[in-house]
2 protein chains.
Amino acid sequence: MTLPPSTQHPLRWAVLGTGFIANKVINVGMRRAGHVLQAVGSRSIDKAQEFADRNGFKTAYGSYQEAIDDPEVDAVYIALPSVFHEEWAIKCAKAKKHVLCEKPVAPTTAQVKNIIQTCKDNNVVFLDGTFFKHHPRLAALRQLVNSGELGKVNSVNSHFSFLMSADVSTSADAALKQIRVNPAVEPTGVLGDMAWYTVRFILTAYNYELPTSVSCTVTRKNEFTGAAEQVIGHLLFPDSRNAIFEASFAHVSNQRSCITGDKGAVALDDTFLTSSFYPITQESALAYEAPASDSFTVTVKRGEWTKREIETGGRLQEEWMAKDFEECVAGRKKWEQWADETIVIHTVLDALWASAQQSGASVSL
Amino acid sequence: MTLPPSTQHPLRWAVLGTGFIANKVINVGMRRAGHVLQAVGSRSIDKAQEFADRNGFKTAYGSYQEAIDDPEVDAVYIALPSVFHEEWAIKCAKAKKHVLCEKPVAPTTAQVKNIIQTCKDNNVVFLDGTFFKHHPRLAALRQLVNSGELGKVNSVNSHFSFLMSADVSTSADAALKQIRVNPAVEPTGVLGDMAWYTVRFILTAYNYELPTSVSCTVTRKNEFTGAAEQVIGHLLFPDSRNAIFEASFAHVSNQRSCITGDKGAVALDDTFLTSSFYPITQESALAYEAPASDSFTVTVKRGEWTKREIETGGRLQEEWMAKDFEECVAGRKKWEQWADETIVIHTVLDALWASAQQSGASVSL
């Protein structure tokens, strides 16, 4: 299954899980990329059928395994809470189905490595579901950093927040129903959720070099579940380079990042959702329009901030991710380096989480 | 001397020190405010005379005390390294001369309090030399924060950097001559210098409330002097509010800050130098033109970033500081609340420095 049926037909997807993120990625990603929406798996056949009907999937199953085993399925998008990822990603791989897995990929790096190794052993593609990294401007950004135009990069700053509905702070029942703040299914809370992105941005700027030490402080916890709702942290790299980040469920939507070197800096005020700010609801998911173009702002030396336009082809980043996945399945792109990056991110997240358990004490890597 | 001669004539200044900052503040501040440049004090009469001739001061003295004692001097601007501030500020106060003192005001909060109390006891004005806080947009920013438009503010992020000339990293002699990286005269290095501003910005956003704990890590030291050249840190406030900052001598000029609440955010990409980026040299100091207007960018709720213009009267911030000082001397504005803010900043800096001595361990206030 190295070069699977998708070289003869469009990639055929199953999705495990029927929540918000499944709805978004399926519609903004796979559908726009021209893929086939084949099967939905849920523990509830009613939920599966409702999701399948609403989004135009061919088949609904009342279990995850049935969706995986559907012979018309080439690839499985795992949109479950992270504690379930290892089990189901491995079942996918063993069924010779390619795997797109939501982040955080798993609660521990050991589990992440197990998933990725199993995919390698079974000759199937593995990608984590971080769409922003597949947007062409990320490659352009990395090229800018590596071109030397910014000089020696020694500072990265990244902020990602959105405002969770207030009822998770006022109702224990609401808090337990919101998986983002339910440690039983998402043990690292906002660290694995929003800080995954800020850490990934930082590591992109530093070419996925491991930091020498990190620190993370949980500055807000859900009062009912104890989940981390807001974290700040820093990463220290060799040769006096550093990074700071914040991730929060308690602020208005904000996603500002900046990479600073000794010759220039580059700033993105829309780091993770790109320049098209699109509120996602179940109802509007089919209606997204791609922006005409995206851009980021760069300043060189001691001059003013000047805007530099990067042509990105007008696709939304979820669609770029689906296209990259398709390229990997077809063997035209290699997924292994991206998977190595996934492991680096998780290694750093493990250290950050260890620091958070010790009130922000420095943790060496 | 509560209402001194300046109600009859323009304020008459002495300056102690003849360095870069003296040149800048005298020309961009006092001169543009219409004040009298009366006397220059330096340990070297040659330096004093050269500075006086170049900038149009009436008299040059080969000592600080003579400049203070000049009977035509109403106020003294202390532009010396911070280890000398306590001694000379107190001599000014006892000579009944008003005091404008560069930041950091002194190496310890105890010294800062001693200076301010002595000014109170002698009925003279004390202001620290932080020009950005006298710019009208800071008041507008504070008004915005306190209006509730941003909701509950629970995150502040501030970055301030500039690139020091490379020779302080390659020559011990150059490093020792650059007072910013000479701990004998500026013990806290970049923390008292650039991080003074980021901390002041953070405290402004939180109305000068004391944090409950802080952490600071020195991520770059001068290899010859050991001075802190780059720091990152965070401040934790009650009720899950926090702030992170970075200050560095090793990056390109960058001064991005953001205040985020649960309803909106406000961002300044030119926090400390305002929107007019003006490179300062000895030669160009007389030629600054005020910008027609300044602005900052604010976003509300989940919308796009939208620019909101704040009318600021077209003065540069150094001139606003000189004008505020004049108002305090004339008794039309009260300086004591600003001095209380100075003490809060120094209290936080002391805690940050204590943390830095313990590799970033959390320090309670």
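See above for the structure.
This section reports on the structure supplied with the text. (Residues numbered from 1 in each chain as written. Chains lettered and ligands numbered in written order. Predicted model: local features only at pLDDT ≥ 70, side-chain atom pairs only at ≥ 80, totals over all residues. Heavy atoms only, no water.)

## Some details on helix α1 (residues 20-31) of chain A
All names here are of chain A.
Thinking step 1. The end-to-end C-alpha distance of α1, which contains twelve residues, comes to 16 Å, matching closely the 16 Å that a straight helix rising 1.5 Å per residue would cover.
Thinking step 2. Of the residues making up α1, those classed as buried are Ala22, Asn23, Lys24, Val25, Ile26, Asn27, Val28, Gly29 and Met30.
Thinking step 3. Contact partners of the buried residues in α1: β1 (12-16), β2 (36-41), α2 (45-55), β4 (75-78), β5 (98-101) and α10 (317-329). (Helix = DSSP H or I, 4+ residues; strand = E, 2+ residues; numbered from the N terminus. Expected span 1.5 Å × (residues − 1). Buried < 20%, exposed > 50% of the residue type's maximum accessible area, 1.4 Å probe, protein only. Contact = heavy atoms within 4.5 Å.)

## What to know about the interface of chain B and chain A
Thinking step 1. The interface of chain B with chain A comprises 40 residues on the first partner and 40 residues on the second.
Thinking step 2. Summing both sides of the interface, chain B and chain A together bury roughly 3,600 Å²; the carbon and sulfur share of this comes to 50%.
Thinking step 3. Joining chain B to chain A, the criterion identifies two salt bridges.
Thinking step 4. The partner of Asp269(B) in a salt bridge is Arg256(A), and the shortest N-O contact between them spans 3.1 Å.
Thinking step 5. For the pair chain B and chain A, the number of links is 19 residue pairs in polar contact (both at pLDDT 80 or more).
Thinking step 6. Among the elements that take part in the side of chain B that touches chain A, strand β7 (residues 153-163) of chain B stands out by supplying six residues, more than any other. (Buried area = accessible area lost by both parts, 1.4 Å probe. Salt bridge = Lys/Arg side-chain N within 4 Å of Asp/Glu carboxyl O. Polar contact = N/O pair within 3.5 Å; in protein donor to acceptor, adjacent residues only side chain to side chain.)

## Observations regarding empty space enclosed by the protein
Thinking step 1. Tallied over the full model, the rule gives six cavities of 30 Å³ or more.
Thinking step 2. In this model, the largest cavity occupies a volume close to 120 Å³.
Thinking step 3. What lines the largest cavity is simply Asn157(A), His159(A), Asn254(A), Arg256(A), Ser257(A), Cys258(A), Asn157(B), His159(B), Arg256(B), Ser257(B) and Cys258(B).
Thinking step 4. Listing elements by their share of the lining of the largest cavity, those giving two or more residues are β7 (153-163) and β12 (257-261) of chain A together with β7 and β12 (257-261) of chain B.
Thinking step 5. Roughly 80 Å³ of volume is contained in the second largest cavity.
Thinking step 6. Lining the second largest cavity are Ser215(A), Ile232(A), Gly233(A), His234(A), Ile244(A), Ser215(B), Cys216(B), Thr217(B), Ile232(B), Gly233(B), His234(B) and Ile244(B).
Thinking step 7. Looking at the lining of the second largest cavity, the elements that each hand over two or more residues are β9 (228-237) of chain A together with β8 (213-221) and β9 (228-237) of chain B.
Thinking step 8. Counted by class, the lining of the second largest cavity contains five nonpolar, seven polar and no charged residues. (1 Å grid on protein atoms, 1.4 Å probe; cavity = no way out; pocket = protein on both sides within 12 Å on 5 of 7 lines; lining within 4 Å. Points joined across faces, edges and corners; volume = space filled by probe spheres on them. Nonpolar A, V, L, I, M, F, W, Y, C, P; charged D, E, K, R; others polar.)

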